[in-house]
Amino acid sequence: MPRSFRFRSPSRASARRRPPRRPGRAVLTSSAVAVVLLATACGGGGQAAPESGAAQGPVTITYWSSSAGAQQTADAFNKTHPGIQVRFSAVPGGPDGATKLANAVKGGNAPDVATMDYSALPEFASGGNLEDLSATSGTLVAEKFPAAVQSLVKLGGRTWAVPFDVTPLELFYRKDIFEKYGVAVPKTWDEYEAAAERIHQADPSVRITNMGGGDPAVLAGLSWQAGAKWYGTQGDKWKVAIDDPASTKVAEYWNRLMASGVVSKTPLWGEGEAKERSSGQVATVIGAAWTAGTFLVNYPNLKGKWGIAPLPSWDGRAATGMYGGTSYIVPKGSKRTKAAAEFIRWVTTEPEAIRARLSSLKSPSSALPANPEMRAEAAKLFDASYFEGQDPYAVAGEAAAAIVPGWSWGPAQLQVNAAQGAAGPDMVKALSEGQSAAEKAIRDRGLGLAG
């Protein structure tokens, strides 16, 4: 294997589309196509110290996550597994959570189980921050998850995580606003721009959505849909193309809509965003399957006013990218890998686990499980009355089948996220800053970079 792609040893751990080719049925993309070339030099699991038995009392494992329903899931597990008890801690999502986890691994106080975005797996695995789960969860992944989903968590021939969900981008839209102004739900991005102009002209206080930075994962997902391939390999070197033509087309489109005033420059995930949505100042939200559950909590007074549709595409044919996505990992250094593997098995394959996850009335989850059996169970349990009977799981399932194949995550996405997050609402600048950050991070780690 090329030396440039070898996993680093654990002692050097580090912190946190041409027109799109049409996907076939039920096809998902690889989280790290390029990373399959990696040789596997970082240590694996199976070397943990003996775990407590019944005579010594239950084994206690620690679990970190920012996922909705995680506390309820841990509580349900504890009730039915007297030999293993889970102590849950809520942690931030996104870059802050990744940094916290990386620091915990470095400091020797990491949890036994954590959730991690697919985009961070290659970097964490190659940096020696993860236990190799091949011996404990490898068979589970092979037997319970479709092959295309397996590729999200199998890197360099080893299993580094167990998938939880898939996250196709979708369009959430205000049915009442679209009906009021006689605007059809757009199927293309040209139609979306026309809808934005018509609605804003009729009511200048309403914009089509907010897209003012604050969440680089949206730009990645939209670029993915357009056919971009941010990471690849050229010989024994990494190839980075974050500012490629497909991504630039996306960035220039959104910059133009923000400049014309039909799209709000309010950053994502802030108080301003919530105010615009709750007051009817935006007519759509670009989200994923997991977004549906947030509407129930954040905008309860708008029940029945939101609908869900496929994401507009560049040519009107079904195509989408992914927006985030969660897997279960065992951070490096855990002494309770077998108990951790049992909790991960239960939470990703047992119907009782998804029932517990959806039991949270305060923060109900609408994540689309990667495991088909769990997906069917979740669809039966989720309260779809908010969307007047429209089934979020059915829409998300169809969207998952339209994820454009060929996307790969690389070994520097955490640095890319940080650089793009600091770029503000200018998406072209975000691409440029992300390109520079990726190149620098790859060089700094001593990996080969194609010119």
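Residues numbered from 1 in each chain as written. Predicted model: local features only at pLDDT ≥ 70, side-chain atom pairs only at ≥ 80, totals over all residues. Heavy atoms only, no water.

A. Looking closely at the sheet that holds strand E11 (residues 284-287). Read from one edge to the other, the open sheet built from 3 strands follows the order E11-E8-E12, with strand pairing classed as antiparallel. Among the strands making up the open sheet, the edge pair consists of E11 and strand E12 (306-310). Direction aside, neighbouring strands of the sheet carry axes that sit 25° apart on average. Sheet analysis places strand E8 (residues 170-174) next to E11, joined by 4 bridges and oriented antiparallel. Counterpart to Phe-172 in the pairing with E11 is Val-285. (Pairing = 2+ DSSP bridges. Helix = DSSP H or I, 4+ residues; strand = E, 2+ residues; numbered from the N terminus. Axes fitted to C-alpha atoms, helices over the stretch in contact; angles between N-to-C directions.)

B. Expanded view of helix H15 (residues 392-400). Of all the positions in H15, only Pro-392, Tyr-393, Val-395, Ala-396, Ala-399 and Ala-400 are classed as buried. In an axial view of H15, the angular spread of the buried residues amounts to 160°, which keeps them on one side of the axis. Buried-residue contacts for H15 involve strand E7 (165-166), E8, helix H11 (291-298), E12, strand E14 (368-369) and helix H14 (372-381). Capping the start of H15 is the job of one residue whose side-chain oxygen sits 2.9 Å from the backbone nitrogen of Tyr-393: Asp-391. (Buried < 20%, exposed > 50% of the residue type's maximum accessible area, 1.4 Å probe, protein only. Arc of directions from axis to C-beta. Contact = heavy atoms within 4.5 Å. Polar contact = N/O pair within 3.5 Å; in protein donor to acceptor, adjacent residues only side chain to side chain.)

C. Seen up close, the pattern of salt bridges. Inspection of every chain in the model, using the stated rule, returns 14 salt bridges. We note a salt bridge from Arg-158 to Asp-132, for which the minimum N-O separation is 3.2 Å. Taken together, the positions of Arg-158 in strand E5 (residues 158-159) and Asp-132 in the loop between helix H3 (121-126) and helix H4 (134-144) put the pair 26 residues apart, joining distant regions of the chain. Its relative accessible area of 23% is what places Arg-158 among the partly exposed residues. (Salt bridge = Lys/Arg side-chain N within 4 Å of Asp/Glu carboxyl O.)

D. Up close: helix H9 (residues 245-260). Compared with the 22 Å implied by 1.5 Å per residue over 16 residues, the 22 Å span of H9 between its first and last C-alpha is a close match. Considered for burial, the residues of H9 that qualify are Ala-246, Ser-247, Val-250, Ala-251, Tyr-253, Trp-254, Asn-255, Leu-257 and Met-258. Of the surrounding secondary structure, the elements contacted by the buried residues of H9 are helix H7 (189-202), helix H8 (216-225), E11 and helix H17 (427-444). Immediately beyond the C-terminal end of H9, within one or two residues, lies Gly-261, with a positive phi of roughly 90°. (Expected span 1.5 Å × (residues − 1).)

E. Just the side chain of Asp-132, in detail. The class of Asp-132 is buried, set by a relative accessible area of 10%. A polar contact of 2.6 Å, which involves the side chain of Asp-132, links it to the side chain of Ser-134. Among the polar contacts listed, one links the side chain of Asp-132 to the side chain of Arg-158, at a separation of 3.2 Å.

F. Structural view of the sheet that holds strand E6 (residues 162-163). Pairing in this open sheet of 5 strands is mixed, and the strands run E2-E1-E3-E13-E6 from one edge to the other. Edge strands, defined here as strands with exactly one partner in the open sheet, are strand E2 (84-90) and E6. One ladder, built from 2 bridges, connects E6 with strand E13 (residues 326-329); its direction is antiparallel. Looking at E13, one finds that Pro-163 is bridged to Ser-327. Against the sheet, helix H1 (residues 70-80) contacts strand E1 (59-65) and E2, and its axis sits at roughly 165° relative to E2. Strands in contact with helix H2 (residues 94-107) are E1, strand E3 (113-117) and E13; relative to E1, the strand with the most contacts, it is inclined by about 145°.

G. Here's a closer look at the packing of aromatic side chains. Counted under the stated rule, the structure contains 27 aromatic pairs. Each ring, one from Tyr-173 and one from Phe-178, has its centre 5.5 Å from the other, and the planes form 70°; the classification is edge-to-face. Neither Tyr-173 nor Phe-178 differs from the other in exposure class; each is buried. Centroid distance Trp-407 to Trp-409: 5.3 Å. Interplanar angle 80°. Geometry classified as edge-to-face. For Trp-407, a relative accessible area of 0% puts it in the buried group. Cluster of aromatic residues (ring-pair linked, three or more members): Tyr-63, Phe-77, Phe-88, Phe-164, Tyr-328, Phe-343 and Trp-346. Its guanidinium or amino end placed over the ring of Trp-306, Arg-174 lies 5.9 Å from that ring's centre, counting from NZ or CZ. Above the ring of Trp-314, the side-chain terminus of Lys-249 is found at 4.5 Å from the ring centroid. (Phe/Tyr/Trp six-rings, centres within 6.5 Å; stacked < 30°, edge-to-face > 60°. Lys NZ or Arg CZ within 6 Å of the ring centre and 35° of its normal.)

H. A look at the pairing of E8. With 5 of 5 residues buried, E8 lies mostly within the body of the structure. Of the two faces of E8, the one lined by Glu-170, Phe-172 and Arg-174 and the one lined by Leu-171 and Tyr-173 are each fully buried. Judged from the 5 bridges that link them, E8 and E12 form a sheet pairing that is antiparallel. Bridging across to E12, Phe-172 finds its partner in Ile-308.

I. Geometry of the packing of H1 against helix H12 (residues 337-349). Running from N to C, H1 and H12 cross one another at 115°; their axes reach a closest spacing of 11 Å. By the angle between their axes, H1 is roughly perpendicular relative to H12. The way H1 lies across H12 gives a crossing that is right-handed. Seen from H1, the contacting residues are Thr-73, Ala-74, Ala-76 and Phe-77; seen from H12, they are Glu-342, Phe-343, Trp-346 and Val-347. A breakdown of the residues in the contact of H1 with H12 according to their chemical character gives 6 nonpolar, 1 polar and 1 charged. (Parallel < 35°, antiparallel > 145°, perpendicular 65-115°, else oblique. Left-handed = near helix turned anticlockwise from the far one by under 90°. Nonpolar A, V, L, I, M, F, W, Y, C, P; charged D, E, K, R; others polar.)

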